[in-house]
Amino acid sequence: MTVRIGNIELKHGIILAPMAGVSDLPFRTLCREQGCELAVTEMVSAKAVHYKNRGTAALLRTAESDRPLAVQLFGSDPEICAEVAEQFSEGPWDIIDFNMGCPVPKVVNNGEGARLMTEPKLAAEIIAAMVRRAGKPVTVKIRAGFDRANRNAPELAKRLEQAGAAAIAVHGRTREEYYMGRADRSVIRAVKEAVSIPVIGNGDIDSAEEAAKMFEETGCDGIMIARGAEGNPWLFSEVRSFLEYGVVPPRPGEAEKKHMILRHMEMQIAQDGEHMGILKMRSHIASYLHGIPGAARIRNEVNTAESRSALTEILNRAFPVDSVSQF
């Protein structure tokens, strides 16, 4: 079953979530190679774009192969959000996504992110304003609700659909829960039953089996993979294979994992320069090492590496495989 968002058609609806400090261009590229069908940029402040903050340019980096791509905005001023949506309509992005799910205090305390779930009228006004001025589909990311007493995702989703949203992604936790416990998939099903636009299920998809369960338990049209992909771009190929053939391919061996990390490092350095690229790779490598014997010791070594050669040497010791990388 295909998923259509505007003129974008996805065979399975396998989407990479926006993750601050993670889902930049190098990481998105690796995930696309493994079967990711749509990716979303790191979250960008509409106010920062409006006031021409230089720091936003790095978050918006993309490439011709990075398609289809959604750019994710956050904000609380309908006029500013609409202005930026119109501005982005001229750019390389296929979809303009709006965040109403970020739980981070500095975002929430500013009346943005998940806080907008407590202001459904304002939330709908923002989306309606963006839809009027955007020349591309506007989608929204929400949570189950703000807290246990206000699990209003289905009601809010109806308002957002009426405001013109083209699709809605739902994380099955409240803002209060952050990422604790299990995501409640019943609320995703409730949203799916409440609206006629595509609904994307998000939360706890860390295996092909969990991806299939998300579809089965919620009736959602697509899935959004977040933390499960950190250090594991192969998750996308596993999900795709399972959905198409009912088979999960073998997990990558040491040689493949090492090659992926080294490629990621080279791409990161090419984008950010050696110093910043190595700093960014420290957290990525911590994720890649999950489940590897001696991972804690290797992470400690990685966190002191300050150059490409030093990091490569550590990885060569961590993965003593015959197939030596060309990097």
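This one's a predicted model, so the numbers in the text were calculated from it and none came from an experiment. The numbering scheme is per chain: residues are counted from 1 as the chain's sequence reads. Two thresholds apply to this predicted model, a pLDDT of at least 70 for residue-level local features and 80 or more for giving and counting side-chain atom pairs, whereas whole-chain, interface and lining totals are computed over all residues. The basis for the side-chain values is all heavy atoms of the structure; hydrogens and waters are excluded.

Brief notes about the nonpolar core
Then comes step 1: Counting 63 residues, the largest nonpolar core has Ile127, Met130, Ile142 and Leu160 as the members making the most contacts within it.
Then comes step 2: For Ile127, the contacting residues outside a window of four places in its chain are Phe98, Met100, Val138, Val140, Leu160, Ala163 and Ala165.
Then comes step 3: Residues belong to one nonpolar core when they are buried, are Ala, Val, Leu, Ile, Met, Phe, Trp, Tyr or Cys, and are joined through side-chain atoms within 4.5 Å. Burial status follows relative accessibility: with a 1.4 Å probe on protein chains alone, a residue under 20% of its type maximum counts as buried, one over 50% as exposed, and anything between as partly exposed. Within the second largest apolar cluster, 23 residues are counted, among which are Trp234, Ile278, Ile314 and Phe319. The criterion used for residue contact is that any of the two residues' heavy atoms lie within 4.5 Å.

A few points about empty space enclosed by the protein
Then comes step 1: A pocket here means an open set of points on a 1 Å grid, computed over the protein atoms alone, that has protein on both sides within 12 Å along at least five of seven lines. A cavity is instead a set of points where a 1.4 Å probe fits but cannot get out; residues with an atom within 4 Å of a point line either one. Grid points are joined across faces, edges and corners, and a volume is the space filled by probe spheres set on the points. Under the defined criterion, the tally for this structure stands at two cavities of 30 Å³ or more.
Then comes step 2: Residue lining of the largest cavity: 14 residues in total, with Ile5, Asp97, Thr139, Ile200 and Met224 positioned closest to the centre.
Then comes step 3: Looking at the lining of the largest cavity, the elements that each hand over two or more residues are strand S4 (38–40), strand S7 (95–100), strand S8 (138–145) and strand S9 (167–174).
Then comes step 4: The secondary structure listing takes helices from DSSP runs of H or I that are at least 4 residues long and strands from runs of E that are at least 2 residues long, numbered from the N terminus. The greatest single-element share of the lining of the largest cavity, amounting to three residues, is contributed by S9.
Then comes step 5: Residue composition of the lining of the largest cavity, grouped by class: 12 nonpolar, one polar and one charged.
Then comes step 6: Empty space within the second largest cavity amounts to approximately 30 Å³.
Then comes step 7: Lining the second largest cavity we find Asp24, Leu25, Arg28, Glu42, Ala58, Leu59, Arg61 and Gln271.
Then comes step 8: At the level of elements, helix H1 (25–33) and helix H3 (56–59) are the ones that each hand at least two residues to the lining of the second largest cavity.
Then comes step 9: Of the residues in the lining of the second largest cavity, the class split is three nonpolar, one polar and four charged. Gly counts as polar in this scheme, as do all residues outside two lists: the nonpolar Ala, Val, Leu, Ile, Met, Phe, Trp, Tyr, Cys and Pro, and the charged Asp, Glu, Lys and Arg.

Remarks on unusual backbone geometry
Then comes step 1: The omega torsion of the bond from Arg67 to Pro68 falls at -10°, within 30 degrees of zero and hence cis.
Then comes step 2: You can see Pro68 is positioned in the loop between H3 and strand S6 (69–74).
Then comes step 3: Unusually for a residue other than glycine, Lys52 sits at a positive phi of about 60°.
Then comes step 4: With respect to the secondary-structure elements, Lys52 resides in the loop between helix H2 (46–50) and H3.
Then comes step 5: Judged by its relative accessible area of 70%, Lys52 falls in the exposed class.
Then comes step 6: Positive phi outside glycine occurs at Tyr178, with the angle close to 50°.
Then comes step 7: For Tyr178, the position within the fold is in the loop between S9 and helix H8 (185–194).
Then comes step 8: For Tyr178, a relative accessible area of 29% translates into the label partly exposed.

Description of helix H11 (residues 254–272)
Then comes step 1: End to end, H11 covers 27 Å across 19 residues, agreeing with the expected 27 Å (1.5 Å per residue, within 8%).
Then comes step 2: Count one or two residues on from H11 and you reach Gly273, which has phi positive near 90°. Between the first and last residue of a helix there are one fewer steps than residues, each counted as 1.5 Å, and that sum is the expected span.

So, the layout of surface pockets
Then comes step 1: In this model, the largest pocket occupies a volume close to 700 Å³.
Then comes step 2: If you go around the largest pocket, you meet 31 residues; those closest to its centre are Pro18, Met19, Ala20, Met43 and Cys102.
Then comes step 3: Those elements giving two or more residues to the lining of the largest pocket turn out to be strand S5 (44–45), H3, S6, helix H5 (105–108) and S8.
Then comes step 4: By residue class, the composition of the lining of the largest pocket is 16 nonpolar, nine polar and six charged.
Then comes step 5: Here the second largest pocket defines a volume of roughly 210 Å³.

As for the pattern of salt bridges
Pairing of side chains with opposite charge becomes possible as their charged atoms draw close.
Then comes step 1: Note on definitions: salt bridges are taken to be side-chain nitrogens of Lys or Arg within 4 Å of carboxyl oxygens of Asp or Glu. Across all of its chains, the model carries 26 salt bridges by this definition.
Then comes step 2: Residue Arg185 is joined to Glu210 by a salt bridge in which the shortest nitrogen-to-oxygen separation is 2.9 Å. Pair noted here: Arg185 is in helix H8 and Glu210 is in helix H9 (residues 208–218), with a separation of 25 residues, a long-range link.
Then comes step 3: The salt bridge involving Glu244 is made with Arg240; its shortest N-O contact spans 3.7 Å.

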